[in-house]
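Below, each chain spelled out in residue letters.
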There are 2 protein chains.
Amino acid sequence: MTPPSGRSRDTRQRLLEVAGEVFAERGFRDATIQEICRRADANIAAVHYHFGDKEELYRTVIQYAEQCAPENAPADVAPEAPAEKRLRAHIESFLVRLFDEGQPAWFGKLMAREMSDPTPGLDVIVQEKVRVSYRRVEAIVRELVGSGASDDDVRACVLSVQGQCLFYRHCHPVLTRLFPDRPFGREEVPELARHIVRFSLAGIRATGRPRKGAAG
Amino acid sequence: MTPPSGRSRDTRQRLLEVAGEVFAERGFRDATIQEICRRADANIAAVHYHFGDKEELYRTVIQYAEQCAPENAPADVAPEAPAEKRLRAHIESFLVRLFDEGQPAWFGKLMAREMSDPTPGLDVIVQEKVRVSYRRVEAIVRELVGSGASDDDVRACVLSVQGQCLFYRHCHPVLTRLFPDRPFGREEVPELARHIVRFSLAGIRATGRPRKGAAG
DNA sequence: GCACACTTCAAATGCTCATTTGAGAGGAGA
DNA sequence: TCTCCTCTCAAATGAGCATTTGAAGTGTGC
């Protein structure tokens, strides 16, 4: 006689998904077990029963998120494609992941949150994900940058690219206040990507050249 | 017979400064009045006496920080200097403010925190500060960018510049884990600034040009 | 000395929240 | 039917915290 919805899916599973959302929205500390259980339509003791405590729930959420988004890389471009194309593909897929409100939506938010305000249990996992992403962009930049570029130059370029992308998530609250008429969401990704690609390609190529930027 | 240090300065003043630090370190919610009072060597009821409550203390801290750092603009460059020079000066002073551990040190941290995770009482004030900074960079970019650039192009360039700078604060925890040997602090500002200037100048100039970035 | 305002203090007070408890519901196997 | 075993539930429990209280200190003008 139980209703077919809600109760139907495993409580543990529902908790996991809802917890991901709530942690992403509020952060580890500000998220309350009460809210997670309310949204998951579960009893407040369910978290303890299934996960032990809040921290363990958080850790499990991260692992779950990782296996949910197994392909960090953009699928729609061949590894042997020219570097420009791969850069464009990376930036687009990175932005999409940052903005997406879909299935593993909260993962991007969660990562962004962890980046600026890490919690103890996560260090290693963040690093694994971030390092992979970093290495891919590094390879691209290395192809594009001039021969005069040092390792430091390459790293700086990678961080410039990632910085531009992450900005739109990290500072989203500021952007919506600064430009109330101008949305910055999933819809605008192609447009944003176009700019970041053009800007970054020029920046990367300039980095390779021996002459300095302003003081000739 | 009271010791000459500690007690000497006004309790209210000490609370204000210490609270700035603590809020910057932990965020509004995670900061506890207990810790603020302990560090300020004040009784726990002092906050209520001098400020009413935690929120009002926070608001006062922001105002205090603003008047502490009245000159948001880099002082060491004339408004009529060439745009390249002004861009360099802006980027350097922005980075310094983000990294500085000096007097109004926590202000940068606090702003960074507010940007990604705003608290209700602050919206307006953040906007005032951010808008000023934005307008200055906008003017610089407008001079540098080609005539073919739209308003959207200009804005995107400004955000690319700010994004690159803010990245080093927002993602500092990630950077220290990703590159344990490579510090990213106050000391490295000139180096970082040099890269960001070169990268951004090229990016901005490329944005003005009609041809697309990748398909040349 | 004496009243008075301004500050500080230690000890409540009460709220929110994570965690625990102990009592069941439901189903599977004998 | 009886017995486990798994899972859910409502109601404690107790910790951490912001806020309040009422009793002192401390100085200033008289």
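Each value, and the rule that gives it
Residues numbered from 1 in each chain as written. Chains lettered and ligands numbered in written order. Predicted model: local features only at pLDDT ≥ 70, side-chain atom pairs only at ≥ 80, totals over all residues. Helix = DSSP H or I, 4+ residues; strand = E, 2+ residues; numbered from the N terminus. Buried ≥ 20, exposed ≤ 12 C-beta atoms within 10 Å, placed from the backbone. Contact = placed C-beta atoms within 7 Å. Core = buried A, V, L, I, M, F, W, Y, C linked by C-beta atoms within 7 Å. Near = placed C-beta within 6 Å. Axes fitted to C-alpha atoms, helices over the stretch in contact; angles between N-to-C directions. Parallel < 35°, antiparallel > 145°, perpendicular 65-115°, else oblique. Left-handed = near helix turned anticlockwise from the far one by under 90°. Nonpolar A, V, L, I, M, F, W, Y, C, P; charged D, E, K, R; others polar. Least-squares fit on C-alpha atoms with pLDDT ≥ 70 in both. Expected span 1.5 Å × (residues − 1). Bend = angle between axes of the 7 residues up to and from the residue. pLDDT = per-residue confidence, 0-100.

Undergrad: Just give me the short version of the overall build of chain A, but keep the residues and values in it.
TA: Looking only at helices and strands, chain A features 10 helices and zero strands. Counting helices and strands in the order they occur from the N terminus, chain A gives α-α-α-α-α-α-α-α-α-α. Taking all 216 residues of chain A together, the buried fraction comes to 41%. Sequence-distant contacts, at least 24 apart, represent 70% of the contacts inside chain A between residues at least 6 apart.

Undergrad: Break down the nonpolar core for me, citing the residues and quoting the values.
TA: Counting residues in hydrophobic clusters, the biggest one holds 125 residues, and the most contacted among them are Leu95(A), Cys165(A), Leu95(B) and Cys165(B). Apart from the residues lying within four places of it in its own chain, the contact partners of Cys165(A) are Ile91(A), Phe94(A), Leu95(A), Leu98(A) and Ile196(A).

Undergrad: Could you give an account of the protein's contact with DNA strand C, naming the residues involved and the relevant values?
TA: As a matter of local geometry, DNA strand C sits amid 15 residues, with Ile33(A), Asp53(A), Thr11(B), Asn43(B) and Ala45(B) nearest to it. Breaking the surface near DNA strand C down by element, the ones donating at least two residues are α2 (33-39) of chain A together with α3 (46-51) of chain B.

Undergrad: Tell me about the packing of helix α10 (residues 189-208) of chain A against helix α10 (residues 189-208) of chain B, residues and numbers included.
TA: In the contact formed by α10(A) and α10(B), the axes pass within 7 Å of each other and the chain directions differ by 130°. The angle between α10(A) and α10(B) places the two elements in the oblique class. For the pair α10(A) and α10(B), the sense of crossing is right-handed. Along its contact with α10(A), which presents Arg198(A), Phe199(A), Ser200(A), Ala202(A), Gly203(A), Arg205(A), Ala206(A) and Thr207(A), the element α10(B) presents Arg198(B), Phe199(B), Ser200(B), Ala202(B), Gly203(B), Arg205(B), Ala206(B) and Thr207(B). When grouped by side-chain class, the residues that make up the contact of α10(A) with α10(B) number six nonpolar, six polar and four charged.

Undergrad: Requested: an account of the interface of chain A and chain B, with residues and values cited.
TA: Taken residue by residue, the interface counts 43 residues in chain A and 44 residues in chain B. Among the elements of the structure, α1 (11-30), α5 (83-99), α6 (105-116), α7 (123-144), α8 (151-170), α9 (172-178) and α10 of chain A are those that each provide at least two residues to the side of chain A that touches chain B. Looking at which element gives the most residues to the side of chain A that touches chain B, the answer is α10(A), with 12 residues. Of the residues assigned to the side of chain A that touches chain B, the class counts are 21 nonpolar, 12 polar and 10 charged.

Undergrad: Tell me about the protein's contact with DNA strand D, and name the residues and values.
TA: By nearness alone, 15 residues border DNA strand D, and Thr11(A), Asn43(A), Ala45(A), Asp53(B) and Lys54(B) come closest of all. Residue composition of the surface near DNA strand D, grouped by class: eight nonpolar, five polar and two charged.

Undergrad: Now, about the relation of the copies chain A and chain B: what can you tell me, with residues and values included?
TA: The operation linking the two copies of the chain is a rotation about an axis combined with a translation along the axis. If you rotate chain A by 180° and push it 0.0 Å along the axis, it lands on chain B with an RMSD of 0.1 Å. With respect to symmetry, the two chain copies, as superposed, fit the operation of a two-fold axis. Of all interface residues in chain A, 100% are interface residues in chain B too; the two copies therefore contact each other through one and the same surface.

Undergrad: Any chance you could break down helix α8 (residues 151-170) of chain B for me, citing the residues and the numbers?
TA: Residues and elements named next belong to chain B. Taking 1.5 Å of rise per residue, 20 residues should cover 28 Å, and α8 covers 27 Å from first to last C-alpha, within 8% of that figure. Gln164 marks the point of greatest bend in α8, at about 25°. By the criterion of burial, α8 is predominantly enclosed, with 16 of the 20 residues buried.

Undergrad: Outline the environment of Arg177(A), supporting the account with residue identities and numerical values.
TA: Within the secondary structure, Arg177(A) is located in helix α9. According to the C-beta neighbour criterion, Arg177(A) is partly exposed, with 16 such atoms within 10 Å. Residues Arg177(A) and Leu144(A), 33 residues apart in the sequence, show an inter-C-alpha distance of 36 Å. If we ignore the near neighbours within four places in the chain, the residues touching Arg177(A) are Asp123(B) and Gln127(B).

Undergrad: Just give me the short version of the confidence of the model for chain A, but keep the residues and values in it.
TA: All names here are of chain A. Chain-level statistics for chain A give a pLDDT mean of 85 and a share of 85% at 70 or above. When mean pLDDT is taken per element in chain A, α2 scores highest with 97 and α6 scores lowest with 77. Contacts from residues 1-8, a stretch scored under 50 in pLDDT, to residues over four places away or in other chains number two contacts. Here residues 212-216 is modelled with pLDDT under 50, and outside its nearest four sequence neighbours on either side it reaches 11 contacts, counting other chains as well.

Undergrad: Explain unusual backbone geometry residue by residue, including any values.
TA: Residues and elements named next belong to chain A. Unlike most non-glycine residues, Asp41 shows phi in positive territory, near 55°. You can see Asp41 is positioned in the loop between α2 and α3 (46-51). The exposure class assigned to Asp41 is partly exposed, which follows from the 15 C-beta atoms found within 10 Å.

Undergrad: So what's going on with the packing of helix α1 (residues 11-30) of chain B against helix α4 (residues 54-68) of chain B? Which residues, and what values?
TA: Residue and element names in this part refer to chain B. Contact pair α1 / α4: the axes reach a minimum separation of 10 Å and the direction vectors enclose 105°. Here α1 is positioned roughly perpendicular relative to α4, judged by the angle of their axes. Judged by residue contacts, Leu16, Ala19, Gly20, Phe23 and Phe28 of α1 engage Leu57, Tyr58, Thr60, Val61, Tyr64 and Ala65 from α4. For the contact of α1 with α4, the residue count by class is nine nonpolar, two polar and no charged.

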